Amino acid sequence: MRSDITIAPFNGIWPRIHDSAFIAPGCRIIGDVEIGAGASIWYNCVIRADVNQIRIGARSNIQDGSVIHCDSPKAGHPDGFPTIIGEDVLVGHMALIHGCRLEDRAFVGMGAVVMDGCRIESDGMLAAGALLSPGKVIGARQLWMGRPAAYARDLSDEALANMQKGVASYVLNGQAHKEALGGQA
């Protein structure tokens, strides 16, 4: 691993990163984190699993400057809020993902915030700059927008196909960056 990437344990638990994943320079990955095959974590992301777990599925991408955290157990929530990100998920630049669940093929736009206890179902989308307040659920194929976010409309088949093209593009681009960096990241 490159010296400009931090992969560190917390309470004796090391991150587990699939060999085919791309981790860009500047990233900080700490604690009980698992990153799947073909996933990409882009420049200057922070993924900190010090109080709960974080899981990132195969081929998902976390774009530049994003922060992913989780929430610890507490009264009323004995399991706390881990952050679980499914497969083929797109997370845009500078997003904040905290103690939530992003199901397979979910999309979080640039600069969006997803808070504790939220869920974005498969093929659901949170628009750029939106804020999904605690406990909200974006249904399958729904687009939510605004601060606080609210339902805007259902997504078309074309929009869903474009999202999946984006996933495929990020897998290829991640491998290209990995090769350009000498295969070390």
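What you see is a predicted model, and the numbers here were worked out from it, not measured in a lab.

Points about helix α1 (residues 157-180)
- The end-to-end C-alpha distance of α1 is 35 Å, a good match for the 34 Å that 24 residues give at a rise of 1.5 Å each.
- Among the residues of α1, L160, M163, G166, V167, Y170, G174 and K178 are the ones counted as buried.
- Buried residues along α1 sit against β3 (22-23), β5 (40-41), β7 (61-62), β10 (90-91), β13 (107-108) and β16 (125-126).
- Downstream of α1 by a residue or two, G182 has a phi angle that is positive, lying close to 85°.

Examining unusual backbone geometry
- Across the junction of R147 and P148, the peptide omega takes the value 0°, indicating a cis bond.
- With respect to the helices and strands, P148 occurs in the loop between β19 (142-146) and β20 (149-154).
- Although it is not a glycine, R105 sits at a positive phi angle of roughly 70°.
- If you trace the backbone, R105 turns up in the loop between β12 (101-102) and β13.

Concerning the pairing of β19
- Looking at chain direction, β16 and β19 are connected through two bridges and run parallel. Residue pairing for β19: L126 is matched across the bridge by W144.
- Both β19 and β20 contribute to a ladder of five bridges, which runs antiparallel. Each residue of the ladder has a partner; that of L143, found in β20, is R153.

A short note on the nonpolar core
- By size, the foremost hydrophobic cluster in this structure holds 49 residues, and its most contacted members are I97, L102, V114 and L126.
- Listed by contribution, the elements that provide at least two residues to this core are β3, β4 (28-35), β6 (46-56), β10, β13, β16, β19 and α1.
- With sequence-adjacent residues up to four places away left out, L102 is seen in contact with I84, I85, G86, V89, V91, I97, V108, V114 and I120.

Observations concerning the packing of aromatic side chains
- Evaluated as defined, the whole model comprises four aromatic pairs.
- Aromatic side chains F22 and W42 sit 5.0 Å apart centroid to centroid with 65° between the ring planes, which places their arrangement in the edge-to-face category. Pair noted here: F22 is in strand β3 and W42 is in the loop between β5 and β6, with a separation of 20 residues, a long-range link.
- Looking at W42, the relative accessible area reads 3%, which means it is buried.

Some words on the pairing of β4
- Counting buried residues along β4, six of its eight residues qualify, which places the element largely inside the surrounding structure.
- Here β4 pairs with β6 via seven bridges, running parallel. Bridge pairing links E34 to R55 in β6.

What counts, and where the lines are drawn
Residues numbered from 1 in each chain as written. Predicted model: local features only at pLDDT ≥ 70, side-chain atom pairs only at ≥ 80, totals over all residues. Heavy atoms only, no water. Helix = DSSP H or I, 4+ residues; strand = E, 2+ residues; numbered from the N terminus. Expected span 1.5 Å × (residues − 1). Buried < 20%, exposed > 50% of the residue type's maximum accessible area, 1.4 Å probe, protein only. Contact = heavy atoms within 4.5 Å. Pairing = 2+ DSSP bridges. Core = buried A, V, L, I, M, F, W, Y, C linked by side-chain atoms within 4.5 Å. Phe/Tyr/Trp six-rings, centres within 6.5 Å; stacked < 30°, edge-to-face > 60°.

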